[in-house]
Amino acid sequence: MLSQDHLIQAAFISMVETECTLDVQAIRKHFPAITKGRIVTNNAASTQPPRKLSELFHQLSPDYENVHRGQSNASKAMTHLFEESYDTIADFIGAPSRRNIALYRNTTEAHNAIMYSMMTEFRDGDNVVLTMMEHNSNYVPWYAMSREILPKFGVNVEYRIVNFDPETGELDMAHMASLIDKRTKLVAAIGASNFFGTKNPVSKIRELTNASGYEQPNGERRSYFLLDGAQLVPSTYVDVSALDVDFLSFSFHKILAPFGVGVLYGKEHLLETMRPFLYGGDMVGNNQVSAEHVGYNELPWKYSAGTPNILGAIVSAQAFRVLLDLALNPERDEYFMTGKKIERAAVREAMDRVTSYTRSLTKRAIEQASSIPGIRIYGPKDSAKRTSLIAFNVDGRDPMGLADALNEFGVESRAGCHCAGLAHRNLDIPASCRLSFYIYNTVEEVDTALHILDKIVRENIHAKTPSLSGGALATS
Ligand SMILES: Cc1ncc(COP(=O)(O)O)c(C=O)c1O
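Now for a look at the structure at hand. (Residues numbered from 1 in each chain as written. Predicted model: local features only at pLDDT ≥ 70, side-chain atom pairs only at ≥ 80, totals over all residues. Heavy atoms only, no water.)

1. As for the packing of helix H14 (residues 399-408) against helix H16 (residues 443-458)
Our working rule: Only the contacting stretch of a helix is used when fitting its axis, a line to C-alpha atoms as for every element, and angles between N-to-C directions run 0 to 180 degrees. Strands here are runs of E lasting at least two residues and helices are runs of H or I lasting at least four, both read from the DSSP assignment and numbered beginning at the N terminus. For classification purposes, an angle smaller than 35 degrees is called roughly parallel, one larger than 145 roughly antiparallel, one from 65 to 115 roughly perpendicular, and anything else oblique. Should the near helix be turned anticlockwise from the far one by less than a right angle, the crossing is left-handed, and should it be turned clockwise, the crossing is right-handed. By the convention used here, residues are in contact when the closest approach between their heavy atoms is within 4.5 Å. Basically, the charged four are Asp, Glu, Lys and Arg, the nonpolar ten are Ala, Val, Leu, Ile, Met, Phe, Trp, Tyr, Cys and Pro, and anything else, Gly included, counts as polar.
Between H14 and H16, the shortest axis-to-axis distance is 10 Å and the interhelical angle comes to 120 degrees. One way to sum up the angle between H14 and H16 is to call them oblique. By crossing handedness, the relation of H14 to H16 is classed as right-handed. Within the contact between the two elements, H14 uses Leu402, Ala405 and Leu406 and H16 uses Ala449, Ile452, Leu453, Ile456 and Val457. Residues that form the contact of H14 with H16 fall into these classes: eight nonpolar, no polar and no charged.

This is the structure we're talking about:
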C-alpha cells in the first residue's frame, strides 16, 4: 500500500525523532494484539494489555482468596498483594501514601464518588466551575447534582462552564478567572482533552482556585480542584503533590491494564472528613457498628465498601510497574512483580520518554494529515501542547463512515463525540473521527493510518459494511 520511498522515509523519521526515548520494537513484542498485526490507533478509548498482565491473573490463582476476610495463608497473601497495590499506585503518582487512594470501577465512578461524597457540603448559592471540554463523566454528575438532586433539598447550586478557543482548542483562562469567585466550592477540569488533545494549564488553574476565597467547612479558604487525569496520566509525568491538586481521577484501562479499575486520589485531610460514597462492609471500623452508631474504617478502606475488585486492583497496579519497565528497559522486569520501591526519578524518566515518543507520533500525524483535502484537525497545532491523539472531520464525509472505511483497511479509529458532548455541541458538529497513539505504535503505523485516510478521502471510498450504530449520531 505504501511506496518503498515512503517506508524508507518513515523509518528514517522513526530513528531520528524517537531516538533515545522508547525501544518500540522491543515494546511491541509484549502485546498480543500488535504481534497479531492489528494497527491499534484507538488508544484514547482503551490501551492494549501486555501479555504478562493477562498471565498474571492465572499466576494469582493458587492464592485466590478474599482480602480482609479470612485467616488462611492464601487470604493473607492476597491481602498483602492487594494492599501493596495501593502503595504502588500512590508511589507512581507522587501521593504521600496509600491513605490517599480510593479505587473505583473507572474515572466516571471516581467523579460520581466525589460528587456524592461532597454533595452535603454544598451551601445554597455555591457554584462549581467546569470546562466546555469536559468529558461527560465530569460534567453530567455536576449537572445532576445542581439541577436534579440538591434543588430537591432546597439547595441551589450553579454550574459554570469555561469557554475554549474554537481555533486552538485551548481554555479561555480569562473566562475561567471571571467565573471563579468566593462561592466556588470546586473547580473540576480535564487535564488533557480526549477530543482536542489539549493539555490544560494545571498550575494556573490551581492558582485561580487558591485565590478564590471560598470558605470550606474545615476553615480552608480556597476552592477545591478536581483534575480529570484520564488522558493525562497514561502519557505524562503526574505528581499530585507537586501539582497540589485536591483530587485526581484516572482509569487503568487506558494505561495497559484490563478493564475494571479506576483511581481517585484525594488529599488525606479531605478523605478523612468527607462522607463515603458507598456504605457497607469493610468500610466500617472494627467493633464500630451498633444500633446507635457506625464508625468508619481508617483510610484507605473507608472508601472500599464491599468485596473489592481484588485481582483487578493487583493487576492494575502492576500495569504501572510494567509501564516503567517498558519505558526504561523492555527486556527486563525491574519493577514488574518485584516490589521494588518506585522512586520519583524513575517515574519522571519513564514518563518523559513516553511523552516525548508519543508526542513525536502526534506531530507526525498532524503533519501527514494536514495535506488531506478538506480536513479539519481540532485542537492545538503544536504537538507539545497536546496529548497523543488527533480528532478531525473531513468536508462532506460522515466521521462514522470514515472510521468504518479506515477499519476496512485495518486501521482502528473511533468516531462519535467521544463523550465530549459539550465541546462538539459548542462547535456545532455532531461527531468527529479520532486516531490516538500509545507506546507500541510506530511512526510507520501513523504514516500508514494517515496514508489510508488520504486515499479514502481522495478516492471517495466508502465502507462496504457500515456500522449499524447510528452514524454520526453516535453519542459516546
Ligand atoms: C478525559 C476523560 N475523562 C473521563 C473518561 C471516562 O473514563 P471511563 O470510561 O474509564 O470512566 C474518559 C474516557 O474516555 C476520558 O477520556
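2. Here we look at the sheet that holds strand S11 (residues 389-394)
Stated formally: At least two bridges found by DSSP between two strands are what make those strands a pair.
The strand order S10-S11-S13-S12 describes an open sheet built from four strands, whose pairing is antiparallel. A single partner strand is all that each edge strand has here, and the edge strands are strand S10 (375-377) and strand S12 (414-416). Within this sheet the neighbouring strands show an average axis-to-axis angle of 30 degrees, counted without direction. As judged from the three bridges shared by S12 and strand S13 (residues 432-436), these two strands associate in the antiparallel manner. Following the sheet pairing, Gly416 is matched in S13 by Ser432.

3. Remarks on the pattern of salt bridges
Where we set the bar: Salt bridge criterion: a side-chain nitrogen from Lys or Arg within 4 Å of a carboxyl oxygen from Asp or Glu. Buried residues are those whose accessible area, probed at 1.4 Å on protein chains only, stays under 20% of the maximum for their type, while exposed residues exceed 50% and partly exposed ones sit between those limits.
For the structure shown, the criterion picks out 30 salt bridges. Arg222 is paired through a salt bridge with Asp246; the nearest N and O atoms lie 2.9 Å apart. With Arg222 in the loop between helix H9 (202-210) and strand S5 (224-228) and Asp246 in the loop between helix H10 (240-243) and strand S6 (247-251), this pair connects stretches of sequence that are 24 residues apart. Judged by its relative accessible area of 10%, Arg222 falls in the buried class. Taking relative accessible area as the criterion, Asp246 reaches 0% and is therefore assigned buried. Salt bridges sharing partners connect three or more residues here, namely Arg206, Glu220, Arg222, Asp244, Asp246 and Lys267.

4. Quick word on H16
One full turn of an α-helix is made of 3.6 residues, so residues set three or four places apart face in the same direction. The following threshold applies: By this rule the span expected of a helix is its residue count minus one, scaled by 1.5 Å.
With 16 residues, H16 extends 22 Å from end C-alpha to end C-alpha; this agrees with the ideal 22 Å at 1.5 Å per step. Of all 16 residues that make up H16, 12 are buried, and the element is covered over most of its length. Regarding H16, the residues found buried are Val443, Glu445, Val446, Asp447, Thr448, Ala449, Leu450, Ile452, Leu453, Asp454, Ile456 and Val457. Of the residues flanking the end of H16, it is Asn460, one or two places downstream, whose phi is positive at about 50 degrees.

5. Side note on the site of the ligand
Inclusion rule: We call a residue near a molecule or strand whenever a single non-hydrogen atom of that residue lies within 4 Å of it. Residues adjacent in sequence count toward polar contacts only when both atoms are side-chain atoms; beyond that, a polar contact is any pair of N or O atoms within 3.5 Å, and within protein one must be able to donate a hydrogen and the other to accept it. Accessible areas in this description were obtained via Shrake-Rupley with a 1.4 Å probe; residue shielding takes into account the shown protein chains only.
The immediate surroundings of the ligand are formed by 13 residues, with Thr108, Asp228, Gln231, Ser251 and Lys254 found nearest. Note that an oxygen atom of the ligand is positioned 3.3 Å from one of the backbone N or O atoms of Thr107. Lys254 is positioned with one of its side-chain polar atoms (N or O) 2.6 Å from an oxygen atom of the ligand. For the ligand, the accessible surface in isolation is 390 Å², of which the surrounding protein chains cover 90%. Each residue belonging to the shell around the ligand can be placed in one class, and the counts come to two nonpolar, nine polar and two charged.

6. Observations concerning the environment of Ala420
Mapping Ala420 onto the fold places it in the loop between S12 and helix H15 (421-427). Overall, Ala420 belongs to the buried group, its relative accessible area being 0%. Sequence spacing of Ala420 and Leu227 is 193 residues, and the spatial spacing of their C-alpha atoms is 16 Å. In this view, Ala420 contacts Glu134, Asn194 and Phe195; residues no more than four positions away in its chain are not counted.

Purely geometric stuff here, so don't read any function into it on its own.
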